[in-house]
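# Structural overview for review
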Amino acid sequence: MQAALIPLLLAATGLYGLYKQVDVFPVFLRGAQKGLQTAVQILPTLVGMLTVVYMLRASGAIDLAADWLAPVLRLFGIPQDCAALALLKPISGGGGLALGSELIRRCGPDSYTGRVAAVMLGASETSFYTISIYGGHLGLNRMRYAIPAALCADLAAFAASAALVRWYFPDI
Amino acid sequence: MLSAIWVAFLVLALVCGAATGRLDAVTTAVGTGAGEAITLIVSITGLMCFWSGVMELIQASGLAEKLSHILMPLLRPLFGKASADREAMEAVSANVAANLLGLSNAATPLGLRAADRLYTLEGRRGAPDTVLTLITLNTASIQLIPSTVAAIRAACGAASPFDIMLPVWGASIFSVAVVLISGRLMRPWFREGK
């Protein structure tokens, strides 16, 4: 069933576009152009963040942080290798992407840790960034429970990521 | 804040590398990391462009708007008396629909418009619950097609890059539930006090 999902979605989207008399391919190209712009925009962030991640990894700092956090993470069932990702993702989207992709590459995309890292990346947002954008736009001087609630949600997303990967991929 | 964190990381790499005697490896990592960033972006750009194109089509054919209409009744109960305001609820639903479709370029302006309208309805004072509900909802949003993550997995040679989709949905839905419930429970500790 799952194998059919993406091809089905693509075909249905195309057919619906034709049915609605949308000029499908030029619209697709316009969107793809935007995707290219996004990629170009995140490139400098990725260079800055991935370089630092590789330096931290080589220095042993990431393993050290993981060792310290291990007892807390075990409580929530999050793999130790994902410790730094759980810390960085709520603060920096580019940093999360850099660290997550390094983890996925190093542990393998189909390994337990690699899958948990992928689900963590997909299921969480850059909470601090989002809150600061909205707070800054409205000129709010207090955010009350926004930050604690957002951090609870991030922790929930990370714990659920690990639990769901274990449940959905019982063989790994 | 990001500047401080970035510099802290650089210092940490220096201190840790010196303590563990791995400064050589840290220096090598500068080149490796910067090069890897280019390799990564090149390998994920194709899939990113493709999905961005598909999402543009979803928007242009009116499917995003349709999704937004479906979502409105689900979102109303979260916004109390502001839910009677058509303009606010339309902007909120459009923001959530854009987030679901991963239209990040569209989602933020829509979300800011919704936040503006909600804030005006509350008299533009303090930090009203309706505005905070919208903000926290955006910190825990759900993405139907996790295309960037799938692109990274594909670049690393995953057998089936999208096979993490159901766990992603599950974890995101759980986190949205947690942000709404915990926000509600925390209200007594964070009074508005205008």
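The present account deals with the structure reproduced in this document. (Residues numbered from 1 in each chain as written. Chains lettered and ligands numbered in written order. Predicted model: local features only at pLDDT ≥ 70, side-chain atom pairs only at ≥ 80, totals over all residues.)

This part is about the overall build of chain B. When you go through chain B residue by residue, the secondary structure sums to eight helices and zero strands. Its helices and strands taken in sequence order, chain B reads α-α-α-α-α-α-α-α from the N to the C terminus. Taken along the three principal axes of its C-alpha coordinates, chain B extends 65 × 45 × 25 Å. The buried share among the 194 residues of chain B stands at 48%. (Helix = DSSP H or I, 4+ residues; strand = E, 2+ residues; numbered from the N terminus. Buried ≥ 20, exposed ≤ 12 C-beta atoms within 10 Å, placed from the backbone.)

Secondary structure summary: chain A contains eight helices and zero strands in total. Along the chain direction, N to C, the helices and strands of chain A fall in the order α-α-α-α-α-α-α-α. For chain A, the proportion of its 172 residues judged to be buried stands at 52%.

Facing the 80 residues of chain B at the interface are 77 residues of chain A. Among the elements of the structure, α1 (2-20), α2 (23-60), α5 (104-121), α6 (129-139), α7 (147-155) and α8 (165-186) of chain B are those that each provide at least two residues to the side of chain B that touches chain A. Looking at the side of chain B that touches chain A, the element that brings in the most residues is α2(B), giving 25 residues. Of the residues belonging to the side of chain B that touches chain A, the class tally is 51 nonpolar, 23 polar and six charged. (Contact = placed C-beta atoms within 7 Å. Nonpolar A, V, L, I, M, F, W, Y, C, P; charged D, E, K, R; others polar.)

With that settled, the discussion passes to α6(B). Most of α6(B) is tucked away, with eleven of its eleven residues classed as buried. Within α6(B), the full set of buried residues consists of B:D129, B:T130, B:V131, B:L132, B:T133, B:L134, B:I135, B:T136, B:L137, B:N138 and B:T139. Contacts from the buried residues of α6(B) go to α7 (127-138) and α8 (146-168) of chain A together with α4 (86-100), α5 and α8 of chain B.

Further remarks concern the packing of helix α2 (residues 24-59) of chain A against α1(B). Running from N to C, α2(A) and α1(B) cross one another at 25°; their axes reach a closest spacing of 8 Å. Here α1(B) runs roughly parallel to α2(A), going by the angle between their axes. The chirality of how α2(A) crosses α1(B) is left-handed. When α2(A) is examined against α1(B), the residues A:G48, A:V52, A:M55, A:L56, A:A58 and A:S59 are found in contact with a partner set consisting of B:W6, B:F9, B:L10, B:L12, B:A13, B:C16, B:G17 and B:T20. (Axes fitted to C-alpha atoms, helices over the stretch in contact; angles between N-to-C directions. Parallel < 35°, antiparallel > 145°, perpendicular 65-115°, else oblique. Left-handed = near helix turned anticlockwise from the far one by under 90°.)

Glancing now at the nonpolar core. One recurring pattern in soluble globular proteins is that nonpolar side chains are buried together. Among the nonpolar cores identified, the biggest contains 115 residues, and A:L46, A:V119 and A:M120 are the most heavily contacted of them. By residue number, the principal contributor to this core is α2(A), which donates 14 residues. (Core = buried A, V, L, I, M, F, W, Y, C linked by C-beta atoms within 7 Å.)

Running from N to C, α7(A) and α5(B) point in directions that differ by 45°, and their axes come no closer than 10 Å. Classified by the angle their axes make, α7(A) and α5(B) are oblique. By crossing handedness, the relation of α7(A) to α5(B) is classed as right-handed. On the side of α7(A), the interface is formed by A:I133, A:Y134, A:H137 and A:L138, while α5(B) contributes B:T108, B:L112, B:A115 and B:Y119. Looking at the contact of α7(A) with α5(B) residue by residue, the class counts come to six nonpolar, two polar and no charged.

Interpretation in functional terms is not warranted from these geometric data alone.
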